[in-house]
Structures are given as C-alpha cells and as structure tokens.
Amino acid sequence: MATTTTTTTNNHTAIEHQIALQGVTLSNNTIPPTEFLMRCAPSPSLMISCGCIIVDPSARKIAIVHDPDTNITQLPKGRKNINEDIHAAALREAHEETGIPVKPLPLRIATRATPTEDMMHLVRKTAEGYPEDVTCEVENCEPVAVCYHRCSGTLAFKLVFWYAAQGDSAVKPVDGTKEVWEEQYQVDWVDARSAAGRMSMVADGEVIDKVIADMVASGYDI
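Residues numbered from 1 in each chain as written. Predicted model: local features only at pLDDT ≥ 70, side-chain atom pairs only at ≥ 80, totals over all residues. Heavy atoms only, no water.

Per an unreviewed UniProt entry, the chain goes by the name NUDIX hydrolase domain-containing protein and belongs to Pochonia chlamydosporia 170.

So, in structure tokens, the structure goes:
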C-alpha cells in the first residue's frame, strides 16, 4: 500500500491552508484564514446547550427570564441530557425554567438542512435544476440560530442551539418546574419588539431579532 505524505505548516495541513486561502478570496478578505480551518473538540471539551424563544403570536409577546441574584436577563436554556434530542431538550429547558407550557413554532426559517422529497415542489431551483443551498420557502422547526463561545468556567467549547416555541401569555405558569438553583428566576412576558433590548447579552438580542424576522417572513403580524 502506498504511503501518502502530507505537508504541514504551523501544525495545520497544506490542504487546510488551501481551503482557508480560497475562503478568504471568496469573502473579499473579510474573514481571517483561521476561520476556515477544521478543528476537533473532543467530547469532554464540548458543551451542548439549547433553549427557546417563547412567543405568544396573538399577544405579540416574548417570555424572558431575569435572575435577581446575578441581575442577568436572558432567554431560557440549558444543557441537554445524555441521549436526548436537541430540539426536545430545548423545549424541556424552556418549560422547566419558565413553567410555561410550550410547543414547537414552525416558521419559514432559512436553512441549509436538506429538504425532503415531499418539500421539493416548494424549493427554488438553481439554473442547473438543483435545489438552492438555502431553503427559505418551507415551514420547519430547524434551529433559528446557534450561539457559541468558550465557557469561562470549564473552558469547554459551548454551542447553544435556539428554537422558536409557542406559549400562551394568558395562562399562569406551572409551579414546581424549576431546578433548585433556578427557583429565584422571574419570568415576564414583554412586548416582542422590546425584548431584544432587555437582554443582558447582545447575542440573545440578536437571536430574538432573528425569530421576529422569521415570523414576519412566515406571515405573522408581530
């Protein structure tokens, strides 16, 4: 069997550098070459979290969570359980932290997920007749956004998958759903257009803005 030798530069393979340079060219040099290098995060260094933007479309409100102990206002989220589906974990965490019964909110979320055969008649085609890489016309329950950062406490690479969910602001939240360390959380339904400005973290506000844009694209008056 022939042996293939791969040249490395600065601990990265030559092919990685080639891909990076192509990416920078395509992006008009606005993205650093390192952004295009493939990396590996072993499982102990990876933290998967997920949460929901809980919307009451008829009332045009979004549920937010305030922690008076830290003075942080955010969206409900938490880590997935072992062997738990990410979307199911997001719905569970949203309900646990708020007490609000939630269900998925399908929207016309632009997604690179592959459309199934029964969706193909709704998907725009390229000039060559292939489905466009981003599907915009199909209602779906894909993540509306992903936030990512290195956790300051554990140094793990943290991914937060966000989903749109629907709740009823007129229904009293269920008692006893919060974990012990969450019992002080205060839940409030606020005007959807003002919710982003209430967030302690800019990224959470950007997620809210994305959901509102997806709702408008889906025909909601919000």
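On we go from here.
**Q** Would you mind showing me how to read the overall build of the chain here?
**A** In terms of regular secondary structure, the chain is built from four helices and 10 strands. Its helices and strands taken in sequence order, the chain reads β-β-α-β-β-β-β-α-β-β-β-β-α-α from the N to the C terminus. Long-range pairs, those at least 24 residues apart, make up 64% of the contacts in the chain between residues at least 6 apart in sequence. Of the roughly 13600 Å² that the chain leaves accessible, carbon and sulfur atoms contribute 54%. (Helix = DSSP H or I, 4+ residues; strand = E, 2+ residues; numbered from the N terminus. Contact = heavy atoms within 4.5 Å. Areas by Shrake-Rupley, 256 points an atom, 1.4 Å probe, with all protein chains shown as cover.)

**Q** What's the story with a nonpolar patch on the surface in this structure? I'm lost.
**A** Taken together, the side chains of L46, V146, Y148 and F157 make up a nonpolar region of the molecular surface, amounting to roughly 360 Å² of accessible area. Within the secondary structure, Y148 sits in strand β8 (residues 145–150). Residue Y148 is classed as exposed on the basis of its relative accessible area of 59%. (Patch = residues over 30% accessible without salt bridge, like charges linked within 9 Å, V, L, I, M, F, W, Y side chains within 5 Å. Salt bridge = Lys/Arg side-chain N within 4 Å of Asp/Glu carboxyl O. Buried < 20%, exposed > 50% of the residue type's maximum accessible area, 1.4 Å probe, protein only.)

**Q** Can you help me understand the pattern of salt bridges in this one?
**A** Two side chains bearing opposite charge may form a pair once their charged atoms approach each other closely. This model, assessed by the stated rule, comprises nine salt bridges. Between R60 and D221 there is a salt bridge, with its nearest N and O atoms 2.6 Å apart. In this pair, R60 sits in the loop between β3 (46–56) and β4 (61–67) while D221 sits in the segment after α4 (202–217), placing the two residues 161 residues apart along the sequence. Overall, the relative accessible area of 38% leaves R60 in the partly exposed class. We classify D221 as exposed; its relative accessible area is 55%. Two residues, D214 and K210, come together in a salt bridge whose shortest N-O distance is 2.7 Å. With D214 and K210 both in helix α4 and four residues apart, the pair spans about one turn of that helix. Judged by its relative accessible area of 7%, D214 is buried. When its relative accessible area of 26% is taken as the criterion, K210 is described as partly exposed.

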